[in-house]
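# Overview (structure and organization)
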Amino acid sequence: MFRIKTMNKIAQVGLNQFPADYQVGDNVEGEEGILVRSAKLHDYPFPDTLWGIARAGAGTNNIPVAECAQKGIVVFNTPGANANGVKELVIAAMLMASRDLVGGVEWVKAQAANPDTDVAAAVEKGKSAFVGPELYRKTLGVIGLGAIGALVANVALSLGMEVYGYDPFLSVATALRLDRHVHVVKDVAELYRACDYVTIHVPYTPDTRHTINADTIAQMKDGVRVVNLARGELVDDEAMMAALQSGKVARYVTDFPNNTITLAPNVVPIPHLGASTPESEDNCAIMAAQQLRDFLENGNIKNSVNFPNVEMERSGVQRLCIIHRNIPAMLANITAQLSGDGVNVENMTNKSRGDFAYTLVDVGSAVEESVIDDIRAIDGIIRVRVIS
């Protein structure tokens, strides 16, 4: 039925979401859909047949999202599919930010490397070098209260922490998932002033680049401990190194090591393990495949990063999926053209996102190709697809 090109290794449970008549694999050509993890697609020659790209993960920096929008290619991601795996690593990161577990383990191994050392005695004598505070009754600040941030906030409460949360785009659904004991603040400066630990969980965009910088660090408590498992670019490395050197930041745990920050004192570099669990990889693959399949078979869009989310129950004989620019009178022009061609509209829905919009139209009879050509000819139409 449809051709799906896979890039990187996609978990088999994800591939199992497609029926047997789909062509799925890394050697598929003329594909209507792409399933991808981390492969870079900025220089990939998209075929004219391509309608959707599903990223098995949250970040889409490896995909030319804006270019895809211009071409009418819908890009999906899988927010929340790896949330539990990241949440658990955040808790581990906070423990490593408190106690020098990594340094302590390496020190013990170094003692054991000397055959003349009584390791048990050495440990009792030297363990004070690795003492650190408990999380209990400390204050955690969570920047970004999406799928991951909300889970982190709730589990931190169960550890006996006081929790502050900040998210200027807090949705109703997320707010309902948050424990009522989380202090949601409207000014992030209040969070910085109050918290012993700060963890950031926002997407990386030009607006969020260096969210944590010299100015924001200056607002934090002395000796604050910072965790970044979201994106490396959210933290200004130079400002962080200066804060670590001065003692303003006691420890920085990052899942995005690089040549600048990795060897700085009191940095705990993790090799990008946030979603590296079998469960997360399975969840992301399943979610990406299901979203791509629903889009190809029914035209529904869910969790797109470049087009609005639009879902409508099927009715009628055929469905027209119309990707167009968000300009005045577009719906009137589409319905007028259909009416002029004698096509009865049984159901219709439309949503916009920025410069682009998406319209689903269920019609009561099969339409001629000439009708589709008439719609394509309307100013502002990008692509039209017919689903029978």
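Residues numbered from 1 in each chain as written. Predicted model: local features only at pLDDT ≥ 70, side-chain atom pairs only at ≥ 80, totals over all residues. Heavy atoms only, no water.

## As for unusual backbone geometry
Positioned with a positive phi, Asn303 is a non-glycine residue whose angle comes to about 65 degrees. Within the fold, Asn303 resides in the loop between helix 11 (278–298) and strand 13 (318–325). Residue Ala329 is not a glycine yet carries a positive backbone phi of 70 degrees. Mapping Ala329 onto the fold places it in the loop between strand 13 and helix 12 (330–340). (Helix = DSSP H or I, 4+ residues; strand = E, 2+ residues; numbered from the N terminus.)

## Quick word on the packing of helix 3 (residues 83–98) against helix 6 (residues 147–158)
Two elements in contact, helix 3 and helix 6, have axes whose closest approach is 9 Å; the angle formed by their N-to-C orientations is 45 degrees. What the angle tells us is that helix 3 and helix 6 run oblique. Of the two elements, helix 3 crosses helix 6, and the hand of that crossing is right-handed. Touching Ala83, Asn84, Val86, Lys87, Val90 and Ile91 of helix 3 are Ala147, Ile148, Leu151, Val152 and Val155, all from helix 6. (Axes fitted to C-alpha atoms, helices over the stretch in contact; angles between N-to-C directions. Parallel < 35°, antiparallel > 145°, perpendicular 65-115°, else oblique. Left-handed = near helix turned anticlockwise from the far one by under 90°. Contact = heavy atoms within 4.5 Å.)

## Brief notes about helix 11
Each full turn of the α-helix corresponds to 3.6 residues, which orients residues three or four apart in the same direction. For helix 11, spanning 21 residues, the distance from its first C-alpha to its last is 30 Å, which sits close to the expected 30 Å at 1.5 Å a residue. Taken as a whole, helix 11 has its buried residues at Ser280, Cys284, Ala285, Ala288, Ala289, Gln291, Leu292, Phe295, Leu296 and Asn298. Downstream of helix 11 by one or two residues, Gly299 has phi in the positive range, about 80 degrees. (Expected span 1.5 Å × (residues − 1). Buried < 20%, exposed > 50% of the residue type's maximum accessible area, 1.4 Å probe, protein only.)

## Points about the side chain of Lys5
Relative to the helices and strands, Lys5 resides in strand 1 (residues 3–7). Not counting residues up to four positions away in its chain, the partners in contact with Lys5 are Gly25, Asp26, Asn27, Val28, Glu31, Gly33, Ile34, Leu35 and Tyr44.

## Points about the pattern of salt bridges
All chains considered together, the criterion is met by 10 salt bridges. Between Lys71 and Glu67 there is a salt bridge whose closest N-O contact spans 3.0 Å. Here Lys71 pairs with Glu67, and both are found in helix 2 (residues 65–71), just four residues apart, close to one helical turn. Since its relative accessible area comes to 32%, Glu67 is described here as partly exposed. A salt bridge links Asp362 to Arg319, with the nearest nitrogen and oxygen atoms 2.7 Å apart. Taken as a pair, Asp362 in strand 15 (residues 356–363) and Arg319 in strand 13 lie far apart in primary sequence, 43 residues in all. Both residues of the pair, Asp362 and Arg319, count as buried. One continuous salt-bridge network, built from bridges that share partners, spans Glu369, Asp373 and Arg376. (Salt bridge = Lys/Arg side-chain N within 4 Å of Asp/Glu carboxyl O.)

## Quick look at the environment of Gly223
Among the structural elements, Gly223 can be located in the loop between helix 9 (214–218) and strand 10 (224–228). Gly223 sits in the partly exposed class, given a relative accessible area of 27%. Each C-alpha atom of the pair Gly223 and Lys248 lies 5.1 Å from the other, and the pair is 25 residues apart in sequence. Here Gly223 is in contact with Gly247, Lys248 and Ala250, once residues within four sequence places are set aside.

## Quick word on the nonpolar core
Counting residues in each nonpolar core, the largest one holds 31 residues, and the members touching the most others are Leu35, Leu292, Phe295 and Tyr358. Elements with a minimum of two residues in this core: strand 5 (74–76), helix 11, strand 13 and strand 15. It is helix 11 that contributes the most residues to this core, seven residues altogether. The contacts of Leu35, once residues within four sequence positions are left out, are Ile4, Lys5, Thr6, Met7, Ile10, Leu15, Phe18, Ala54, Ala288, Ala289 and Leu292. If you look at the next biggest cluster of nonpolar residues, it comprises 29 residues, including Val86, Ile91, Ala93 and Val142. (Core = buried A, V, L, I, M, F, W, Y, C linked by side-chain atoms within 4.5 Å.)

## A few points about the pairing of strand 7 (residues 162–166)
With four of five residues buried, strand 7 lies mostly within the body of the structure. One crossover worth recording links strand 6 (residues 139–143) to the parallel strand 7 by way of helix 6, and it is right-handed. Here strand 7 pairs with strand 8 (residues 183–185) via three bridges, running parallel. What sits directly across from Tyr166, in strand 8, is Val185. (Right-handed = clockwise from strand over helix to strand, strands pointing away. Pairing = 2+ DSSP bridges.)

## Overview of the sheet that holds strand 15
Read across the open sheet, the four strands follow the order 14-15-13-16; overall the sheet is antiparallel. Where the open sheet ends on each side, the last strands, each with one partner, are strand 14 (345–353) and strand 16 (381–387). Between one strand and the next, the sheet's axes are offset by a mean angle of 15 degrees, whatever the strand orientation. One ladder, built from eight bridges, connects strand 13 with strand 15; its direction is antiparallel. Counterpart to Gln318 in the pairing with strand 15 is Val363. On top of the sheet, helix 11 reaches strand 13, strand 15 and strand 16; it is set at about 85 degrees to strand 16, its chief contact. Packing against the sheet, helix 13 (residues 369–376) makes contact with strand 13 and strand 16, and its axis sits at approximately 155 degrees to strand 16.

## A look at helix 13
Within helix 13, the full set of buried residues consists of Val371, Ile372 and Ile375. Seen along its axis, helix 13 keeps its buried residues to an arc of 100 degrees; they face one direction. Where the residues of helix 13 are buried, they touch strand 13, helix 12 and strand 16. (Arc of directions from axis to C-beta.)

Shape is all these values report; function is a separate question.
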